[in-house]
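# Tertiary structure, described
Residues per chain are reported as follows:
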Amino acid sequence: SHLIVEPNVMVSPSNQLAYKEVQLSVIDMRTSPHIIQILEKNKAALILSSLERIEDISRNVFIKQWQQQGLTFTPLAQNKMTITIEKAIVSVEQQSVSYSAQTEIIITVTVDNGKQVLTNTFKNRGYKEGSLNADIKALEQDFSQQLSTVLKEILTSKDINTFL
């Protein structure tokens, strides 16, 4: 089965990036495309991936939100932005009557404006414990919320917006 990853990101529209252009690349550098791994003693790990690739989900959010800021995306732009997904995982340790889940999202943004290069890394970590079995739907929602937080941090980064 597949997860539905749905980040909910809203940034107030503005003309902050009007007349600015960028080439955008979103790359998933993770060694495995799964989002959730559930580890339980003496059992094979349960691995769950997103229905839609995480880099495509992220790219769509960035384009939609930055266009509302006036940014134009074109393959000929002098500004080159590379967004690299380094880590995006929920790792669950399932015990007989409890579980612990650790979420970690790391995304690096590199902007090359032709003169200088800016690199910023955005991180979000979460930890959750619960009784009985981990609820996949709840983990899916938590992951989507944490991804939303990181994407919004990137979209509202003064450093990135100024550098463009």
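The structure under discussion appears in the preceding block.
The structure presented is a predicted model; accordingly, all values stated were derived computationally and were not measured. (Residues numbered from 1 in each chain as written. Predicted model: local features only at pLDDT ≥ 70, side-chain atom pairs only at ≥ 80, totals over all residues. Heavy atoms only, no water.)

Within the structure shown, the criterion is met by eight salt bridges. Between Lys43 and Glu40 there is a salt bridge, with the nearest N and O atoms lying 3.7 Å from each other. Judged by relative accessible area, Glu40 falls into the partly exposed class, the value being 30%. Residue Glu55 is joined to Arg53 by a salt bridge in which the shortest nitrogen-to-oxygen separation is 2.6 Å. Its relative accessible area of 8% is what places Glu55 among the buried residues. When its relative accessible area of 51% is taken as the criterion, Arg53 is described as exposed. The network of salt bridges with common partners includes Lys87, Glu104 and Arg125. (Salt bridge = Lys/Arg side-chain N within 4 Å of Asp/Glu carboxyl O. Buried < 20%, exposed > 50% of the residue type's maximum accessible area, 1.4 Å probe, protein only.)

Further remarks concern the pairing of strand 3 (residues 34–40). Alignment of strand 3 against strand 4 (residues 46–50), held across four bridges, turns out to be antiparallel. Note that in strand 4 the partner of Gln37 across the bridge is Ile47. With five bridges joining them, strand 3 and strand 6 (residues 80–94) adopt parallel strand pairing. Looking at strand 6, one finds that Glu40 is bridged to Gln94. (Pairing = 2+ DSSP bridges. Helix = DSSP H or I, 4+ residues; strand = E, 2+ residues; numbered from the N terminus.)

With 14 residues, helix 1 (residues 54–67) should cover 20 Å at 1.5 Å per step; its first-to-last C-alpha distance of 20 Å lies within 8% of that length. Residues of helix 1 that are buried include every one of Ile54, Glu55, Ile57, Ser58, Val61, Phe62, Gln65 and Trp66, and no others. Along the axis of helix 1, the buried positions cluster into a sector of 160°, meaning they face one direction only. (Expected span 1.5 Å × (residues − 1). Arc of directions from axis to C-beta.)

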